[in-house]
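Each chain is listed here by its residues.
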Number of protein chains: 2
Amino acid sequence: MNFNKRIRNEFLKSKVMSARDASLFIKDGMTVASSGFTPSGYPKKVPLELAKRANAGEKIEISLITGASVGDELDGALSRAGVIKRRYPYQTQKDMRNNINSGSTFYADHHLSHVPQHIDYGYYGNIDIAIVEALCITEDGGIVPTTSVGISPQALKNADKIIVEINTSQPMALEGVHDIYMTEKPPKRKPIPIINPDDRIGKTYMECDLEKIVAIVESDIPDNVRPLGAIDENSKKISNHIIEFLKDEVKEGRLPENLLPLQSGVGSVANAVLGGLKESEFTNLTCYTEVIQDSMFDLIDAGKVKFASGTSFTPSEEGLKRLLENTEYYASHCILRPMEISNNPEVIRRLGIIAMNTAIEIDIYGNVNSTNIMGSRMMNGIGGSGDFTRNGYLTIFTTVSTAKNGDISSIVPMVSHVDHTEHDVHIVVTEQGLADLRGLSPRERSRKIIENCAHPSYKDLLFDYVDRAEKNAYKHTPHVIGEALAFHERFIKNGSMKK
Amino acid sequence: MNFNKRIRNEFLKSKVMSARDASLFIKDGMTVASSGFTPSGYPKKVPLELAKRANAGEKIEISLITGASVGDELDGALSRAGVIKRRYPYQTQKDMRNNINSGSTFYADHHLSHVPQHIDYGYYGNIDIAIVEALCITEDGGIVPTTSVGISPQALKNADKIIVEINTSQPMALEGVHDIYMTEKPPKRKPIPIINPDDRIGKTYMECDLEKIVAIVESDIPDNVRPLGAIDENSKKISNHIIEFLKDEVKEGRLPENLLPLQSGVGSVANAVLGGLKESEFTNLTCYTEVIQDSMFDLIDAGKVKFASGTSFTPSEEGLKRLLENTEYYASHCILRPMEISNNPEVIRRLGIIAMNTAIEIDIYGNVNSTNIMGSRMMNGIGGSGDFTRNGYLTIFTTVSTAKNGDISSIVPMVSHVDHTEHDVHIVVTEQGLADLRGLSPRERSRKIIENCAHPSYKDLLFDYVDRAEKNAYKHTPHVIGEALAFHERFIKNGSMKK
């Protein structure tokens, strides 16, 4: 459907302008909140114009708040142009990451469920501009999101000025897939009435003060999606360990036959696990998660998953083609919610989510590092992994047992950065095996993790550490404090954790 | 009221027996779940008999699950007798702590809000026996708790056999103060309908299968309460920093004039902060917390706090006298809930709690260690601090800037154990000052924490670390990984973090 027909509100038609003109509302020093969650549904035209201005020599530095990672037209173009001075709460784009690690961008990774309320509470200061990609604008001025929802409702609510990019490459059949529900600020907050993953509790569009809309821009740039991570042997092994474990949990009566709603991150291991579920006997599954990716489309196609709730569609190029060609079909099995709701502790705990996330490294006591390589180098961010891990029914962390051709062990005496504490991690899985940590004391965890999950080439080093640590006077969480980070020190000095 | 009158159910009168006989239901290898949260409302007579049996040479080793810490008759007597092989989820008793740190007791400290559902889910295995202190038993066999609720409802629900200690030293005026509401297991869980701290949503007693009650025992041993921590100069300074900060937040429009419901730990700093509120202009306050302590009685007396919700009364000796003499008065301003509800993420996030907890040490990036001294030595446990910190509206951690006469700095380059990650900590306060970390990147946090909160005698050392760390290639969370724990290493080797 063409651009003009997508603006059904008469008053707003007068706000149409070029992306260049719209970009002029964004000035040096402003805080901008945008749509987008994974490279889906983020604004593209206006950021590209903003980058042009900066590249032409204009001084523009902004704080950028998004739902999660976004595509190259936003994080990439603006990072290369030096526009992003401050960034929240998650990113995966190469140039953005380089700026963070070189120190030119101030970055704070926040739990995704916290971000919408931090905007509402004023913890990020005033929001000057919201830029939101939209499918269309309804007769009453409701803004219909595209392939993600993220923080858009809170961006619209709190921003002084709003810029809308209507993206004609997004299929109109997406209208109706969204379920927009917003919480009040305390002390007026009410229970969120979701009892099943497919419950609809809100509207199919986002409301905002129409007077705040200063520009409507036409866009036809498709989501800059990422290629599908290949499923390698190690991922398949990890997937098999998890499927076997879930079968046992059902047998032991700790999980219903159709499990409980699944949450899964993205990437090759996640794809393998969801792929494994497709081949398994499990059926009637549901998902309550952030991202609905290719492998979830597979599960829907196979009749294994009856319903998936998320805050974004995150397909590969091939998956995007599938989504565009079968939008109605997938929309009827899916719901996209604001990330305040998709990641809400209240709902996650109530539904009893099985949370599956990946780790950079895991220590022998069950603490997980998801973000900082060797303690300092930011990879992506904690994202929603904390929201699901802290509130899930069952929390699973996966990692391949070594990295860098064996020079890094993903199982270490002490992680160099903690994102998930020992209190929250139930199950650790590598291609070597699975360690069930529930109910275990730290000393029991250490031996089980090393035995079941560490790579054979690191077991002796790890057991040696534990043996010596347990000789100390204090044996609750035994450490040789001067050596706790020696694995990392060796890698930084010598290029290998082994020597 | 005498013992017999407290058993209003005719059928159960036949179950009365001596504590000695009741203790015989507890056998070697069993898992026992008991009432008790802080030294309040825990069983006393039966544990003492159990200890006697072990001291007389009988081999009895059990796993003990409580609400939180309990008094000497349970943790102390059984630890000294070597009975507790495994312990969840929190403790503060000297002998118990020694057994944990010497390695003779396996201990896992768990988020308190997780414990009731872990019992329900079977994550601690089968519960053989529940021992619950009760005020009385109703006509229908309902068990009325005493000065705490903790995990008692889940203990009664899941145990094979139940022993009830009716404690005649507990005042009958406590009947009616409890509000027992239980959640279902997923996927049948419903919203918890609490919208205000004083909402009553359940019954005043706990239900259980009467057939499971194997023994009812008379007890008259009062709660073995702890003396009140003195408020020293440092605590007063910390309190003043917090009160000033809260005033500012109200001025900035980020908090309502009567704040939001308060949660506070126990101890001298907590007492000082609550004492400071009593002297402040704040009024119409509410509390949604775990423990209702002396200083909260003061706030109620002063008309400052109109209502307090918790899972236990935790008075000092003097406070206990006050509570016993004015039970009806305090009961009318208070509610005691199961800890699944008092600590529930859903309710904490909905109400928008101001969470105030104490730290052992805090690092320059805002990570908090609440449990393990020098990384290995268990102090008490994480308790409910995580439940409130992860879900609160505003999360505050307090610590005096040095310990051991200045040989320990509570502000360190990297904490030796992480209980609360950088993502969850908003405000750090020492007697030196307050650091507001909201919205700051790690590098900004480090300088602010050192400048505002570190003791002057450690500032140079800390700034030197940061300066050198920031010279590294990766500047997101700058660390000199070989020196990150050098403060701790120096203390362990030389008795001081300084040299």
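As the structure is a prediction and not an experimental result, all values here were calculated from the model.

(A) Expanded view of the domain arrangement of chain A. Residue and element names in this part refer to chain A. For chain A, the domain assignment lists domain 1 (4-219) and domain 2 (233-494). Taken over C-alpha atoms, the centre of domain 1 sits 29 Å from the centre of domain 2. The partner domain 2 presents 46 residues to the 48 residues of domain 1 that form the contact. Both faces combined, the contact of domain 1 with domain 2 buries some 3700 Å², and carbon together with sulfur accounts for 62% of it. Across the pair Asp179 and Arg337 runs a salt bridge whose closest N-O atoms are separated by 3.1 Å. Linking domain 1 with domain 2 are 28 residue pairs in polar contact (both at pLDDT 80 or more). In terms of residues, the side of domain 1 that touches domain 2 owes the most to one element, helix H5 (residues 114-121), which gives four residues. Taken together, the residues of the side of domain 1 that touches domain 2 break down into 21 nonpolar, 20 polar and seven charged.

(B) Structural view of helix H2 (residues 45-55) of chain B. Those residues of H2 of chain B that fall on the buried side of the exposure criterion are Val46, Pro47, Glu49, Leu50, Ala51, Arg53 and Ala54 of chain B. Positive phi shows up at Gly57 of chain B, right after H2 of chain B, with a value of about 115 degrees.

(C) Broad picture of the sheet that holds strand S3 (residues 84-88) of chain B. All names here are of chain B. One open sheet accounts for seven strands, arranged S4-S3-S2-S1-S5-S8-S9; its pairing is parallel. Both edges of this open sheet fall to strand S4 (106-107) and strand S9 (213-219), since each of them pairs with a single strand only. Bridge count between strand S1 (residues 31-34) and strand S2 (residues 62-65): three bridges; the pairing is parallel. Looking at S2, one finds that Val32 is bridged to Leu64. The strands that helix H3 (residues 72-80) touches are S1, S2 and S3; relative to S3, the one it contacts most, it runs at about 150 degrees.

(D) Main features of the nonpolar core. With 112 residues, the main nonpolar core has Ile143, Ile163, Leu259 and Ile354 of chain A as its most contacted residues. Split by domain, the residues of this core number at least three in each of domain 1 (4-219) and domain 2 (233-494) of chain A. Discounting chain neighbours no more than four positions away, the residues touching Ile354 of chain A are Leu246, Leu255, Leu259, Leu260, Pro261, Leu262, Gln263, Leu394 and Ile396 of chain A. Among the nonpolar cores identified, the runner-up in size contains 111 residues, and Ala155, Ala159, Ile242 and Leu262 of chain B belong to it.

(E) Local environment of the confidence of the model for chain A. On average, residues of chain A carry a pLDDT of 97, and 100% of them reach 70 or more. Interface predicted TM-score (ipTM) for the complex: 0.98; the corresponding pTM is 0.98.

(F) Structural detail: the relation of the copies chain B and chain A. Turning chain B through 180 degrees and shifting it by 0.0 Å along the axis lays it on chain A, with an RMSD of 0.0 Å. Those values place the two copies in the arrangement expected of a two-fold rotation axis. Minimal C-alpha separation from the rotation axis in chain B is found for Glu346 of chain B, amounting to 2.1 Å. The residues that chain B uses at the interface reappear at the interface of chain A in 100% of cases, marking a shared surface.

(G) Broad picture of the sheet that holds strand S9 (residues 213-219) of chain A. Residues and elements named next belong to chain A. Across the sheet, which stays open at both edges, the seven strands sit in the order S4-S3-S2-S1-S5-S8-S9 with parallel pairing between neighbours. Each end of this open sheet is capped by a strand with a single partner; those strands are strand S4 (106-107) and S9. Two strands pair when backbone bridges link them, and strand S1 (residues 31-34) and strand S5 (residues 127-134) are joined in this way by three bridges, in the parallel orientation. Note that in S5 the partner of Val32 across the bridge is Ile129.

(H) Up close: unusual backbone geometry. Here the bond from Tyr88 of chain A into Pro89 of chain A is cis, since omega is -20 degrees, no more than 30 degrees from zero. Within the fold, Pro89 of chain A resides in the loop between strand S3 (84-88) and helix H4 (94-102). Here Pro186 of chain B and Pro187 of chain B are connected by a cis peptide whose omega angle stands at 10 degrees. Of note, Pro187 of chain B is situated in the loop between strand S8 (159-167) and S9. Phi at Leu259 of chain B takes a positive value of approximately 60 degrees, unusual for a residue other than glycine. Of the residues examined, Leu259 of chain B reaches a relative accessible area of 2% and is grouped as buried.

(I) Quick look at the UniProt feature "domain: Acetyl-CoA hydrolase/transferase N-terminal" (unreviewed entry) in chain A. Per the UniProt record, "domain: Acetyl-CoA hydrolase/transferase N-terminal" (unreviewed entry) is annotated on residues 12-218 of chain A. Counted over residues 12-218 of chain A, helix gives 24% and strand 20%. Its end C-alpha atoms are 13 Å apart.

(J) Looking closely at the UniProt feature "active site" (unreviewed entry) in chain A. Residue and element names in this part refer to chain A. Mapped onto the present numbering, the UniProt feature "active site" (unreviewed entry) falls at Glu290. Residue contacts for Glu290: discarding those within four places in its chain leaves Phe37, Leu112, Gly310, Thr311, Ser312, Asn343, Gly383, Gly384, Ser385 and Phe388. Here the side chain of Glu290 touches Asn343 through a polar contact of 2.8 Å, side chain to side chain.

(K) The arrangement of empty space enclosed by the protein in detail. Summed over the entire model, instances satisfying the criterion amount to 12 cavities of 30 Å³ or more. Taken as a whole, the largest cavity encloses approximately 190 Å³ of empty space. As for the largest cavity, its lining consists of 19 residues, of which Val415 and Val418 of chain A together with Met414, Val415 and Val418 of chain B are closest to the centre. Looking at side-chain class alone, the lining of the largest cavity contains eight nonpolar, nine polar and two charged residues. For the second largest cavity, the lining is made up of 15 residues, of which His426, Leu437, Arg438 and Gly439 of chain A together with His110 of chain B are closest to its centre. When the residues that make up the lining of the second largest cavity are grouped by side-chain class, the tally is five nonpolar, six polar and four charged.

(L) Region of the structure containing the environment of Gly375 of chain A. Relative to the elements of secondary structure, Gly375 of chain A occurs in the loop between strand S19 (372-373) and strand S20 (377-378). Between the alpha carbons of Gly375 of chain A and Glu279 of chain A there is a distance of 38 Å; along the sequence they are 96 residues apart. When near neighbours in sequence (up to four residues on either side) are disregarded, Gly375 of chain A contacts Ser416 and His417 of chain A together with Thr477, His479 and Ile481 of chain B.

(M) Region of the structure containing the state of the cysteines. Within the structure shown, the criterion is met by zero disulfides over all chains. Cysteine Cys334 of chain B is unpaired, with the sulfur of Cys287 of chain B as its nearest cysteine sulfur at 8.6 Å.

(N) Examining the packing of aromatic side chains more closely. Residue and element names in this part refer to chain A. According to the stated counting rule, one finds 16 aromatic pairs over all chains in the structure shown. Summarising the aromatic geometry, the rings of Tyr121 and Tyr123 are spaced 5.4 Å apart at their centres and angled 70 degrees between planes, so their arrangement reads as edge-to-face. Across the pair, exposure class does not vary: Tyr121 and Tyr123 are buried alike. What links up through ring pairs into an aromatic cluster is the set Phe297, Phe313, Tyr329 and Tyr330. Just above the ring of Tyr42 sits the side chain of Lys44; from NZ or CZ to the centre is 4.2 Å.

(O) Structural detail: the interface of chain B and chain A. In this complex, chain B contributes 82 residues to the contact, which on the side of chain A involves 82 residues. A buried area of about 7100 Å², summed over both sides, lies between chain B and chain A, and 53% of it is on carbon and sulfur atoms. Area buried by chain B at its contact with chain A is led by Tyr123, Arg349 and His423 of chain B, which between them contribute 12% of it. For the interface between chain B and chain A, the tally reads six salt bridges. One salt bridge in this structure joins Arg390 of chain B and Asp424 of chain A, with 2.7 Å as the shortest N-O distance. Run the count over chain B and chain A and you get 41 residue pairs in polar contact (both at pLDDT 80 or more). Of the residues that constitute the side of chain B that touches chain A, the class distribution is 32 nonpolar, 30 polar and 20 charged.

(P) Inspection of the pairing of S9 of chain A at higher detail. All names here are of chain A. The buried fraction of S9 is high, at six of seven residues. Examined bridge by bridge, strand S8 (residues 159-167) and S9 share six bridges and lie parallel to one another. In the strand pairing of S9, Ile166 is matched with Glu218.

Calculation rules
In this numbering scheme, every chain counts its residues from 1 along its sequence in written order. Whichever chain is written first becomes A and whichever ligand is written first becomes 1, with later ones labelled in order. The model is predicted, so local features are restricted to residues of pLDDT at least 70 and side-chain atom pairs to those at 80 or more, both for listing and for counting; the totals for chains, interfaces and linings are taken over all residues. To obtain the side-chain values, all non-hydrogen atoms of the structure were included, while hydrogens and water were left out. Note that the domain bounds reflect an automated or database-derived domain assignment. Any two residues having at least one pair of non-hydrogen atoms within 4.5 Å are treated as being in contact. By convention, the term buried area covers the 1.4 Å-probe accessible surface removed from two parts as they join, with the contributions of both added. By definition here, a salt bridge exists when the distance from a side-chain nitrogen of Lys or Arg to a carboxyl oxygen of Asp or Glu is within 4 Å. In protein, a polar contact requires one atom able to donate a hydrogen and another able to accept it; more generally it is a pair of N or O atoms within 3.5 Å, and residues adjacent in sequence count only if both atoms are side-chain atoms. The secondary structure listing takes helices from DSSP runs of H or I that are at least 4 residues long and strands from runs of E that are at least 2 residues long, numbered from the N terminus. Polarity classes work like this: nonpolar for Ala, Val, Leu, Ile, Met, Phe, Trp, Tyr, Cys and Pro, charged for Asp, Glu, Lys and Arg, and polar for all others, with Gly in that last group. Using a 1.4 Å probe on the protein chains alone, a residue whose accessible area is under 20% of its type maximum counts as buried, one over 50% counts as exposed, and one in between counts as partly exposed. For two strands to pair, DSSP has to find at least two bridges joining them. Here, axes are lines fitted to C-alpha atoms. For helices the fit covers the stretch in contact, and angles between N-to-C directions go from 0 to 180 degrees. Nonpolar cores were defined as sets of buried Ala, Val, Leu, Ile, Met, Phe, Trp, Tyr and Cys residues, with membership established by side-chain atoms within 4.5 Å. Per residue, pLDDT measures the predictor's confidence, with a range of 0 to 100. Each copy is superposed on the other by least squares, with the fit set by C-alpha atoms of residues at a pLDDT of at least 70 in both. UniProt positions are given in the numbering used here, feature names are shortened, and annotations may be inferred rather than shown by experiment. Points on a 1 Å grid over protein atoms alone make up a cavity when a 1.4 Å probe fits among them but cannot get out, and a pocket when they form an open set with protein on both sides within 12 Å along at least five of seven lines; lining residues each have an atom within 4 Å of a point. Grid points are joined across faces, edges and corners, and a volume is the space filled by probe spheres set on the points. Here, a disulfide means two cysteine sulfur atoms that sit within 2.5 Å of each other. Working definition: rings of Phe, Tyr and Trp (its six-membered ring) pair if their centres are within 6.5 Å, and the pair is stacked with planes under 30 degrees apart, edge-to-face with planes over 60 apart, and tilted otherwise. Note on geometry: a ring has a charge over it if NZ (lysine) or CZ (arginine) is within 6 Å of the ring centre and within 35 degrees of the ring normal.

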